[in-house]
Amino acid sequence: MSDSSFFVIAVDGPAGTGKSTVTKRLAKALQLVHVDTGALYRAVAFLCFEAGFDLKFTPTQESAITEIAKMARIAFKNVPDRNPSSRVYVNDRDITALIRTPEMSLMASRVSAIPHVRAALLDLQRRLGKSQPSILEGRDIGTVIFPEATLKFFLTASLEERAKRRLAELEAQGGDVPTFEELKQQIADRDHSDSHRDTAPLKKAVDAIEIDTSHLNLEQVVAQMLDQIRQRTERE
Ligand code: DC
């Protein structure tokens, strides 16, 4: 590695495996910049909803969505007195809460399957990761964005468990909450489209450490990951 300050931890895995919570914890413990790359796709999804797109796109619409992704000014800002502290902005608008709905999850999954949309968001992800020691969470961090990452994790959990966690999260947010079965179906659909798209599908990097979080609590997952990170950094 030519740049000795490069330090990137890649955390990939399907929805509901606890990626966000654990990466935020690790970022805090290790003083790393936390980059939620799913929020970038969610920001594009938000702009698509605003522009009136449905979940199925024609090739012309895919081109229009690519332009939306290229033009979008997406930024993360830290607001220490707000919870969560990292806010997501698109074109100077705080969309943090607006992009966490089940509809936005599905739209994000659909727009993320458009190869040109992925290309439009690639540089930003690399710039964010390289600017400071970072931890990035997503689907293709270890395989495409940072194949040279310092350390890679791939989190998994059973569909049942992931749906349970998402339901609890949505209930805590308030508002309309789908039933458990609906949520399970939505997550299964998203798993399928994220894993079967042609460009940068969700898959474990060969050198990623896999952790099945189904029967582990947050502290146990964080402890396992910290242990691996310490082992790796002590060796170097
Ligand atoms: O991590 P999340 O649930 O917020 O991600 C929303 C969608 O964005 C997910 O269904 C697939 C897509 N995504 C992606 O394709 N690549 C990433 N690195 C992150 C998210």
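Look above for the structure.
So, a few notes on the structure that sits alongside this text. Computed from a predicted structure; not experimentally measured.

Looking at the site of the ligand
Residues in close proximity to the ligand total 15 residues, the closest being Arg42, Arg118, Arg190, Asp194 and Arg197. For the ligand, an oxygen atom lies 2.7 Å from a polar atom in the side chain of arginine 190. The separation between an oxygen atom of the ligand and a polar side-chain atom of aspartate 194 is 2.8 Å. Those elements giving two or more residues to the shell around the ligand turn out to be α2 (38–50), α4 (102–111) and α8 (180–196).

So, the pattern of salt bridges
One pass over the full model with this rule turns up 15 salt bridges. Linking glutamate 67 and lysine 70 is a salt bridge whose minimum nitrogen-to-oxygen distance equals 3.6 Å. One end of the pair, glutamate 67, and the other, lysine 70, are both in helix α3 (residues 59–71), 3 residues apart, so they sit about a helical turn from each other. In this structure, arginine 73 and aspartate 92 form a salt bridge, with 3.2 Å as the shortest nitrogen-oxygen distance. Within this pair, whereas arginine 73 is found in the loop between α3 and β3 (74–78), its partner aspartate 92 is found in the loop between β4 (86–90) and β5 (93–94), the two being separated by 19 residues in sequence. Within this structure, Arg139, Asp194 and Arg197 form a network of salt bridges that share partners.

Looking at the environment of isoleucine 65
For isoleucine 65, the position within the fold is in helix α3. On the basis of relative accessibility, which here comes to 0%, the residue isoleucine 65 falls in the buried class. The spacing of isoleucine 65 and isoleucine 114 is 49 residues in sequence and 8.7 Å in space, taken between C-alpha atoms. Those residues in contact with isoleucine 65, other than ones at most four positions away along the chain, are Val44, Cys48, Phe53, Phe57, Val111, Ile114 and Val117.

Describing unusual backbone geometry
Within the chain, glutamine 31 stands out as a residue other than glycine whose phi angle is a positive 55 degrees. Relative to the elements of secondary structure, glutamine 31 occurs in the loop between α1 (19–30) and β2 (33–36). Under the relative-accessibility criterion, glutamine 31 is labelled exposed at 72%. Of note, asparagine 91 is a non-glycine position whose phi angle comes to about 45 degrees, a positive value. Positionally, asparagine 91 belongs in the loop between β4 and β5. Taking relative accessible area as the criterion, asparagine 91 reaches 33% and is therefore assigned partly exposed.

Quick notes on the sheet that holds strand β8 (residues 209–212)
Across the sheet, 5 strands lie side by side as β2-β6-β1-β7-β8; this open sheet has parallel pairing. Of all strands in the sheet, those bounded by a partner on one side alone are β2 and β8. Averaged over neighbouring strand pairs, the angle between their axes works out to 20 degrees when direction is ignored. Packed onto the sheet, helix α5 (residues 115–131) meets β1 (8–12), β2 and β6 (134–138) and runs at close to 150 degrees relative to β6.

Things to note about α8
Between its first and last C-alpha, α8 extends 24 Å over 17 residues, near the 24 Å set by a 1.5 Å rise per residue. Looking at α8, one finds that the buried residues are Leu183, Lys184, Ile187, Arg190, Asp191 and Asp194. Along α8, the residues classed as buried sweep out an arc of 130 degrees about the axis, all on the same side. Of the exposed residues in α8, the ones pointing more than 90 degrees away from its buried face are Glu181 and His196. Where α8 is buried, its residues contact α2, α4 and α7 (159–173).

Here is what the cut-offs are and how they apply
Every residue gets a number counted from 1 within its own chain, in the order that chain's sequence is written. Only residues with pLDDT of 70 or above have their local features reported here, since the model is predicted, and side-chain atom pairs are shown and tallied only from 80 upward, although totals for entire chains, interfaces and linings are computed over all residues. To get the side-chain values, all heavy atoms of the structure are used, and hydrogens and water are removed first. Residues are counted as near a molecule or strand when any one of their heavy atoms sits within 4 Å of it. Here a polar contact is recorded for every N or O atom pair within 3.5 Å, except that within protein the pair must consist of a potential hydrogen donor and a potential acceptor, and residues adjacent in sequence are included only if both atoms are side-chain atoms. A helix here means a DSSP run of H or I that spans at least four residues, while a strand means a run of E at least two residues long, and both kinds are numbered starting from the N terminus. The term salt bridge refers to a pairing of a side-chain nitrogen on Lys or Arg with a carboxyl oxygen on Asp or Glu at a separation within 4 Å. Throughout, exposure labels follow a simple rule: accessible area from a 1.4 Å probe, protein chains only, divided by the maximum for the residue type, with under 20% read as buried, over 50% as exposed, and the rest as partly exposed. By the convention used here, residues are in contact when the closest approach between their heavy atoms is within 4.5 Å. Two strands are said to pair when DSSP picks up at least two bridges between them. Helix axes are fitted to C-alpha atoms over the stretch in contact, other axes to C-alpha atoms as well, and angles between N-to-C directions run from 0 to 180 degrees. To estimate how far a helix should extend, the number of its residues minus one is multiplied by 1.5 Å. Directions pointing from the helix axis toward each C-beta atom define the arc.

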